[in-house]
Amino acid sequence: MSLPQLKNDILLRSLLREPVPYTPVWLMRQAGRYLPEYRATRAEAGSFMGLAQNREYACEVTLQPLRRFDLDAAILFSDILTVPDAMGLGLGFYEGEGPRFASPIRTEADVDKLHVPDMAKLQYVFDAVELIRQELDGRVPLIGFAGSPWTIGCYMVEGQGSSDYRMIKSMLYARPDLLHRILKINAETTIEYLNQQIRSGAQAAMIFDSWGGVLADGLFQEFSLHYTKMVVDGLIREHDGRKVPVIVFTKGGGQWLETIAECGCDAMGLDWTVNLSQARQRIQDKVAFQGNLDPMTMFGGEEAIRREVRRVIDDYGVVGNGGHVFNFGHGISRFTDPDMVKVLVDEVHSYSAAMHK
Ligand code: CP3
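Residues numbered from 1 in each chain as written. Predicted model: local features only at pLDDT ≥ 70, side-chain atom pairs only at ≥ 80, totals over all residues. Heavy atoms only, no water.

(A) Structural detail: the pattern of salt bridges. Applying the stated criterion across every chain yields a total of 22 salt bridges. Asp127 serves as the salt-bridge partner of Arg55, at 3.8 Å between the closest nitrogen and oxygen. One end of the pair, Arg55, is in helix 4 (residues 55-68); the other, Asp127, is in helix 7 (residues 123-136), with 72 residues separating them in the sequence. Assessed through its relative accessible area of 39%, Arg55 is described here as partly exposed. A salt bridge links Lys229 to Asp233, with the shortest nitrogen-to-oxygen separation between them at 3.2 Å. (Salt bridge = Lys/Arg side-chain N within 4 Å of Asp/Glu carboxyl O. Helix = DSSP H or I, 4+ residues; strand = E, 2+ residues; numbered from the N terminus. Buried < 20%, exposed > 50% of the residue type's maximum accessible area, 1.4 Å probe, protein only.)

Okay, here's the thing in structure tokens:
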């Protein structure tokens, strides 16, 4: 099957630090509950997994934000937790509670049973990637993604989100050998999973290390970054005659920028606590940056949004050589007004285009 030429490749070029006419922008969780059309499709599908496991629905909600806003990328509609679900942990999404696993991994016997799942269990994801690529018709690139081995591990051991990470940290301090076994399986699984997304048509890959920042210095390197690096090392980096850039996002990773920049990724996602100008100096432009507006800026009104967008772009500095992809520093809030997203996207494009001259 032949796919159309990419009409807007600014995201890919910026991630690879090649010249761009303006700063490209996409938003973490750009397909989601802040959009009324998403809520309608989700109601029709009946549940989150009903959406994610049906290629037509997954494709539809992936494209919804692109119909409203002039975004420079689409991101596959799925979730990082489909991977442990395929490992047999039994994922459920519960109203007002978020995701939960029926069978968390807590004991040595649980770990003994764990293995890299058959990728056929995740075929619905690869089918969605193929359909989205067709429907995008080359408009913008499609980003594939997965959770980092550590972040996936947090959900597998905790069984759900956590405020103190007591379960996984108990295992980390008492039985590090067990946790290392889990993380190795997660890394091997994630390599297969992301490579299959790339073969199916994903044009960039993002690894979400959402909970890397909860680890002590030293332990972050041992239990999170080491396994993220293993994944990055195993990924297909060129497909269909084009480079496939890899983005690593460690929320709360600001103090480890220099080491993360050395994991082999092309770009690093940054949360809003990091200053982009200082970050560039620290890593000497070794990789591109993606970020890093505080998603709560969206509640400050139009003037505040324009001002803070300019601050982020100014902090990165004048570039003719790409290297910056505008995004939030974490996912968009479900309470965001979609009209304000339009303000943001348009401001990123017009302000950065004027700066690039
Ligand atoms: O960015 C996108 O638009 C692509 C889709 C996407 C989703 N989840 C859809 C989703 C992506 C990239 C994710 C990643 C994800 N999922 C992460 C890493 C990024 C981050 O936010 O740190 C994590 C930790 C998860 C786990 C997860 N999934 C949680 C904690 C929740 C519930 C809380 C919440 O924010 O809603 C989900 C559910 C989920 N995943 C929703 C969406 C749109 C909302 C589900 C719904 O429709 O009810």
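Moving on from the model shown.
(B) Summary view of the site of the ligand. Near the ligand you find 23 residues, and of these Arg33, Tyr38, Arg42, Ser210 and His330 are the closest. A distance of 3.2 Å separates an oxygen atom of the ligand from a polar atom in the backbone of Gln30. Note that an oxygen atom of the ligand is positioned 2.6 Å from one of the side-chain N or O atoms of Arg42. Contact with the protein chains covers 88% of the free accessible surface of the ligand, which is 880 Å². Structurally, the ligand is housed in the largest pocket. For the shell around the ligand, the per-class residue count stands at 14 nonpolar, 5 polar and 4 charged. (Near = heavy atom within 4 Å. Polar contact = N/O pair within 3.5 Å; in protein donor to acceptor, adjacent residues only side chain to side chain. Areas by Shrake-Rupley, 256 points an atom, 1.4 Å probe, with all protein chains shown as cover. 1 Å grid on protein atoms, 1.4 Å probe; cavity = no way out; pocket = protein on both sides within 12 Å on 5 of 7 lines; lining within 4 Å. Sits in = over half its atoms within 2 Å of the grid points. Nonpolar A, V, L, I, M, F, W, Y, C, P; charged D, E, K, R; others polar.)

(C) Looking closely at helix 9 (residues 166-174). Those residues of helix 9 that fall on the buried side of the exposure criterion are Ile168, Met171 and Leu172. Looking straight down helix 9, one finds that the buried residues subtend no more than 100° of arc, so they occupy a single side. Structural note: helix 9 exposes Arg166, Tyr173 and Ala174 on the side pointing more than 90 degrees away from its buried face. Here the buried face of helix 9 lies against helix 8 (149-158), helix 10 (176-200) and helix 11 (219-234). (Arc of directions from axis to C-beta. Contact = heavy atoms within 4.5 Å.)

(D) Highlighting unusual backbone geometry. Here the amide bond leading from Gly291 into Asn292 is cis, since omega sits at -5°, within 30 degrees of zero. Within the secondary structure, Asn292 is located in strand 10 (residues 288-293). At Arg29, a residue that is not glycine, the phi angle is positive and equals roughly 65°. Relative to the helices and strands, Arg29 resides in the loop between helix 1 (10-15) and helix 2 (36-45). Despite not being glycine, Gln284 has its phi angle at roughly 55°, a positive value. By secondary structure assignment, the location of Gln284 is in the loop between helix 13 (276-283) and strand 10.

(E) Seen up close, a positive patch on the surface. There is a patch of like positive charges on the surface, built from Arg29, Arg33, Arg39 and Arg334. Position of Arg39 relative to the elements: it lies in helix 2. Given a relative accessible area of 43%, Arg39 falls into the partly exposed group. (Patch = residues over 30% accessible without salt bridge, like charges linked within 9 Å, V, L, I, M, F, W, Y side chains within 5 Å. Lys, Arg positive; Asp, Glu negative; His and termini not counted. Charge placed at Lys NZ, Arg CZ, Asp CG, Glu CD.)

(F) Looking closely at the side chain of Ser333. Looking at the secondary structure, you find Ser333 in the loop between strand 11 (324-328) and helix 15 (338-356). Assessed through its relative accessible area of 10%, Ser333 is described here as buried. Within the structure, the side chain of Ser333 is placed 3.0 Å from the backbone nitrogen of Phe335, a separation counted as a polar contact.

(G) Inspection of the packing of helix 7 against helix 10 at higher detail. Between helix 7 and helix 10, the least distance of the axes is 8 Å, while the angle of their chain directions is 30°. Taken together, the axes of helix 7 and helix 10 are roughly parallel relative to one another. Crossing hand, helix 7 versus helix 10: right-handed. Residue-level inspection shows Val125, Phe126, Val129 and Glu130 of helix 7 in contact with helix 10, the latter providing Tyr193, Gln196, Gln197 and Ser200. The class makeup of the residues in the contact of helix 7 with helix 10 is 4 nonpolar, 3 polar and 1 charged. (Axes fitted to C-alpha atoms, helices over the stretch in contact; angles between N-to-C directions. Parallel < 35°, antiparallel > 145°, perpendicular 65-115°, else oblique. Left-handed = near helix turned anticlockwise from the far one by under 90°.)

(H) Just the packing of aromatic side chains, in detail. The full count for this structure, using the stated rule, is 9 aromatic pairs. Measuring from centroid to centroid gives 5.4 Å for Phe48 and Phe77, while their planes differ by 55°, and the two rings are tilted. Residue Phe48 is located in helix 3 (residues 48-52), and its partner Phe77 is located in the loop between strand 1 (74-75) and helix 5 (82-89); the two are separated by 29 residues in the primary sequence. Ring centres 6.1 Å apart and planes at 50° place the aromatic pair Tyr165 and Trp211 in the tilted group. With Tyr165 in the loop between helix 8 and helix 9 and Trp211 in the loop between strand 5 (204-209) and helix 11, this residue pair connects regions lying 46 residues apart in the sequence. For Tyr165, a relative accessible area of 7% puts it in the buried group. Joined through ring pairs, the aromatic side chains of Tyr38, Phe48, Phe77 and Phe93 make up one cluster. Stacked on the ring of Tyr94, the Lys or Arg Arg100 has its end atom at 4.2 Å from the ring centre. (Phe/Tyr/Trp six-rings, centres within 6.5 Å; stacked < 30°, edge-to-face > 60°. Lys NZ or Arg CZ within 6 Å of the ring centre and 35° of its normal.)

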